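Structure assessment
Here is what each chain is made of, one letter per residue.
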Amino acid sequence: MAEPLPICYLNGEFLPLEAAHISPFDRGFLFGDGAYEVMPVYRGRPFRAAAHCARLMRSLAAIRMEDPHTAAEWRALFAALIERNGGGDQSLYWQVTRGAERGRNHAPLPKLKRTVFLFSAPLVLPTAAVRERGVACISAEDTRWARCDIKSTALLANVLLRELSVEANAAETILLRNGHLTEGSSSAVHVVQAGQLRTPQHSPEILPGTTRSVVEELAARAGVVHCAGPVSEAELRGADEIWLSSAAREILPVTVLDGAPVGSGQPGPVWRRLYAELQLYKGELAGQPW
Ligand code: PDD
């Protein structure tokens with residue numbers, strides 16, 4: 001993510017980032033006790049806001065918190081933050097933590113005023129040169145917890161796994177659990193074999209990606225067969241194409257995995273098709289209510 005834009009929102013106020021402070025007893029700080037979202041904003045318009053709000057509500061319910069805002073209230077906050085930061089293409093981050101108590105108690109879960117924080121940054125998508133080359137990734141054993149379907153702010157395992165790819169000069173760490181693909185450290189992973197697109201099925205092992213659901217819709221529209229189902233390590237390594245998808249990267253071809261070329265070693269035709277569909281879809285949405 002690029003350098004944040006100057007105005008953020010914290011607990012009822014829009015204020016300069018430098019003026020935003022939270023208690024060191026915030027349970028988000030002490031326990032990673034919170035949930036978050038990252039949403040792309042294209043030309044001032046949030047992309048798939050309803051899906052992000054629904055996923056946040058689902059994450060909060062899974063960690064036994066009520067959503068402190070209605071979808072309409074969230075939307076008003078997004079609109080105000082985007083505008084105060086000058087519109088355009090942004091990456092909007094927001095999180096809710098259980099709040100700050102006096103002291104540190106694992107349980108019982110306290111009923112506190114939730115901490116609500118939003119900020120945004122310029123949306124810096126992979127450049128055309130990067131897309132044309134594709135990216136290199138490494139693989140690693142998925143060492144995360146058993147509820148990866150919750151978009152929790154407790155991301156230590158993801159952070160450590162992502163660091164492995166930084167050290168290897170790679171764009172992402174693709175995760176394997178007991179010999180099958182789960183996802184990336186901060187992205188969904190898709191494979192193409194014989195023209196068919198496959199993404200691991202929804203389960204507690206993976207986050208239900210918002211970009212993934214766009215990919216599924218666009219695949220249906222483009223007549224590309226898509227199925228959600230298990231992908232073995234051998235199928236991953238033998239795939240014709242591998243892609244990453246996320247709100248921060250759209251869909252990005254992986255052309256090298258653990259030093260070996262993926263398929264032809266070039267971004268594949270199915271990725272090209274779906275990438276073009278995604279750009280068309282973004283164009284269709286521009287100027288529409290959200
Ligand atoms: N991460 N899986 C994981 C583990 C992720 O962290 C993400 C996104 C995704 C893709 O979800 P979506 O398409 O809704 O972005 C899948 C965001 C970008 C982040 O943590 O910054």
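If you're wondering where the values come from, they're calculated on a predicted model, not measured in any experiment.

A word on unusual backbone geometry
Each neighbour pair has its own omega, and for Ala107 with Pro108 the value is 0 degrees, a cis peptide bond. You can see Pro108 is positioned in the loop between β5 (90-97) and β6 (115-122). For Arg43, which is not glycine, the phi dihedral falls at a positive 45 degrees. Mapping Arg43 onto the fold places it in the loop between β3 (34-42) and β4 (45-46). Overall, Arg43 belongs to the exposed group, its relative accessible area being 72%.

Here's the deal with the packing of aromatic side chains
Two measures describe an aromatic ring pair: the distance that separates the ring centres and the angle between the ring planes. In total, this model carries 10 aromatic pairs according to the counting rule given. Where Phe47 meets Tyr281, the ring centres are 5.9 Å apart and the plane angle is 75 degrees; that geometry is what we call edge-to-face. With a gap of 234 residues between them, Phe47 in the loop between β4 and α2 (49-62) and Tyr281 in helix α8 (residues 269-285) connect regions that are remote in the sequence. For Phe47, a relative accessible area of 7% gives the class buried. Take Tyr281: its relative accessible area is 12%, and that puts it in the buried class. Between Phe117 and Phe119, the aromatic rings sit 5.7 Å apart at their centres with planes inclined by 25 degrees, giving stacked as the arrangement.

Some thoughts on the layout of surface pockets
Looking at the largest pocket, its volume works out to about 1400 Å³. Along the walls of the largest pocket sit 50 residues, with Tyr36, Lys151, Leu155, Ser185 and Ser186 positioned nearest its centre. Of all elements in the fold, only α1 (27-31), β3, β5, β6, α5 (156-167), β9 (180-184), α6 (210-222) and β13 (241-246) reach the threshold of two or more residues within the lining of the largest pocket. With 5 residues, the top contributor of residues to the lining of the largest pocket is α5. There are two domains that each give the lining of the largest pocket at least three residues, and those are domain 1 (7-122) and domain 2 (128-285). Reported here for the second largest pocket is a volume of approximately 160 Å³. Taken together, Arg64, Met65, Glu66, Asp67, Pro68, Arg98, Leu109, Pro110, Lys111 and Arg114 form the lining of the second largest pocket. Split by residue class, the lining of the second largest pocket holds 4 nonpolar, no polar and 6 charged.

Calculation notes
Residues numbered from 1 in each chain as written. Predicted model: local features only at pLDDT ≥ 70, side-chain atom pairs only at ≥ 80, totals over all residues. Heavy atoms only, no water. Helix = DSSP H or I, 4+ residues; strand = E, 2+ residues; numbered from the N terminus. Buried < 20%, exposed > 50% of the residue type's maximum accessible area, 1.4 Å probe, protein only. Phe/Tyr/Trp six-rings, centres within 6.5 Å; stacked < 30°, edge-to-face > 60°. 1 Å grid on protein atoms, 1.4 Å probe; cavity = no way out; pocket = protein on both sides within 12 Å on 5 of 7 lines; lining within 4 Å. Points joined across faces, edges and corners; volume = space filled by probe spheres on them. Domains from an automatic or database assignment. Nonpolar A, V, L, I, M, F, W, Y, C, P; charged D, E, K, R; others polar.

Nothing here speaks to function; it is geometry throughout.
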